[in-house]
Amino acid sequence: MRTLNLLLLSVVLIAGYGGCADTASLPEILRGVDCVRTAEQDPLQPADSWDVLIEGYERADSQNPPEPGATVFIGSSSILFWATVADDMAPLPVLNRGFGGSVMTQATGYIDRIVLPYQPRAVVLYEGDNDIAFGLSADCVLEDYDAFVATVHEEQPDVPIYFLAIKPSIARAALWPVIERANALVRARTSTNPKLNYIDVATPIFDASGEIRGDLFVADGLHLNAAGYALWTSVVHPVLLGDLS
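Bear in mind the structure is a predicted one, so any value in this text is a computation, not a measurement. (Residues numbered from 1 in each chain as written. Predicted model: local features only at pLDDT ≥ 70, side-chain atom pairs only at ≥ 80, totals over all residues. Heavy atoms only, no water.)

## Quick notes on the pairing of strand β1 (residues 71-75)
On a regular strand, each side chain points to the face opposite its neighbour's, so the side chains alternate between the two faces of the sheet. With 5 of 5 residues buried, β1 lies mostly within the body of the structure. Residues T71, F73 and G75 of β1 are buried on one face, and the alternating residues V72 and I74, pointing to the opposite face, are buried as well. In the sheet, β1 pairs with strand β2 (residues 94-98) via 5 bridges, with the strands oriented parallel. What sits directly across from V72, in β2, is L95. Two elements, β1 and strand β3 (residues 122-126), share 5 bridges in a ladder whose sense is parallel. Looking at the pairing, G75 lines up with Y126 of β3. (Buried < 20%, exposed > 50% of the residue type's maximum accessible area, 1.4 Å probe, protein only. Helix = DSSP H or I, 4+ residues; strand = E, 2+ residues; numbered from the N terminus. Pairing = 2+ DSSP bridges.)

In structure tokens:
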């Protein structure tokens, strides 16, 4: 049922952004965006794959309820493994609600459990990395991002949403052209809505010669190390502090 609802929401979004809306008013890159999925790609993983982890978050919340108004970081392993994010974003109150291996549709599927109950001051999203690795196109990443935004704003329309650019990585270097387009599409979308924001944590991962910096990753070449997260902090913290203080 959750998957069906997301698909229906995507149809509505496509109609709103590309059919009924005046496409001439959209940034050029957003005109004619077309997401085509195979049966194997939708859903990419069972909707309840992370229920044990999510239940753990809920159990912790019931035992020690977070104060309303925190900034919620949600997304895949790049969020889950950001163990220092609460300290890194101080003095802003932050909740880390990452779940590794997830894709955008799964983040959307858990909004009602690990985003909306906190009455967040803001939402920071990192998804798209696994989506593209699983074979989704950049256009489909945008469509799923639109569904995430619509789901949050249906209940809490004034909450700003910050999209962290999908990072380049050594392990997925061959996917960079698709990732780059997905980032460009999402960035263009954020320009159409003052409640949406794009934070470029991808560009600084390249060195001056355009190579991916190996010193920012753990041995798997995919996940960031402490230096990588320090770099992200140097980009993300000033934006959030300036907007949310």
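## Notes on the side chain of N183
Mapped onto the elements of the fold, N183 is located in helix α9 (residues 176-190). When its relative accessible area of 4% is taken as the criterion, N183 is described as buried. Beyond its immediate sequence surroundings of up to four residues, N183 is in contact with F163, A165, I166, W176, Y198 and A202. (Contact = heavy atoms within 4.5 Å.)

## Let's talk about the pattern of salt bridges
Side-chain pairing between opposite charges can occur once the charged atoms of the two side chains come close. Counted by the stated rule, this structure contains 10 salt bridges. Residue R113 pairs with E58 through a salt bridge whose shortest N-O separation is 2.8 Å. With a gap of 55 residues between them, R113 in helix α6 (residues 111-114) and E58 in helix α2 (residues 51-63) connect regions that are remote in the sequence. Connected through shared salt-bridge partners, R37, E143 and D144 make up one network. (Salt bridge = Lys/Arg side-chain N within 4 Å of Asp/Glu carboxyl O.)

## Focus on the packing of aromatic side chains
This model, assessed by the stated rule, comprises 10 aromatic pairs. With a centroid separation of 5.7 Å and 85 degrees between ring planes, the pair formed by F73 and W82 is classed as edge-to-face. Like W82, F73 is buried. Look at Y126 and W232: their rings are 5.5 Å apart centre to centre, the planes differ by 50 degrees, and that puts the pair in the tilted class. Separated by 106 residues along the polypeptide, Y126 in strand β3 and W232 in helix α10 (residues 226-244) bring together distant segments of the chain. Take Y126 and W232: they sit in the same class, and that class is buried. (Phe/Tyr/Trp six-rings, centres within 6.5 Å; stacked < 30°, edge-to-face > 60°.)

## Section: the sheet that holds β3
Pairing is parallel in the open sheet, where 5 strands are placed in the order β2-β1-β3-β4-β5. Whereas interior strands pair on both sides, the edge strands pair on one side only; in this sheet they are β2 and β5 (196-199). Each strand axis lies, on average, 20 degrees off the axis of its neighbour in the sheet, ignoring direction. Each of β1, β3, β4 (161-164) and β5 touches helix α8 (residues 138-155); the most contacted strand, β4, lies at about 155 degrees to it. (Axes fitted to C-alpha atoms, helices over the stretch in contact; angles between N-to-C directions.)

## A look at α9
Across its 15 residues, α9 extends 21 Å between first and last C-alpha, which sits within 8% of the 21 Å expected from 1.5 Å per residue. Of all the positions in α9, only W176, I179, A182, N183, L185, V186, A188, R189 and T190 are classed as buried. (Expected span 1.5 Å × (residues − 1).)

## Let's talk about the state of the cysteines
Throughout the structure, instances matching the rule amount to 1 disulfide. What pairs with C35 in a disulfide is C140, and their sulfur atoms sit 2.0 Å apart. The sign of the S-S torsion, about 95 degrees, decides the handedness of the disulfide formed by C35 and C140: right-handed. Here C35, found in the loop between α1 (2-19) and α2, pairs with C140, found in helix α8; they are 105 residues apart in sequence, far enough to count as distant. For the pair C35 and C140, a shared accessibility class is recorded, and that class is buried. (Disulfide = S-S within 2.5 Å.)

What is shown is where atoms sit, not what they do.
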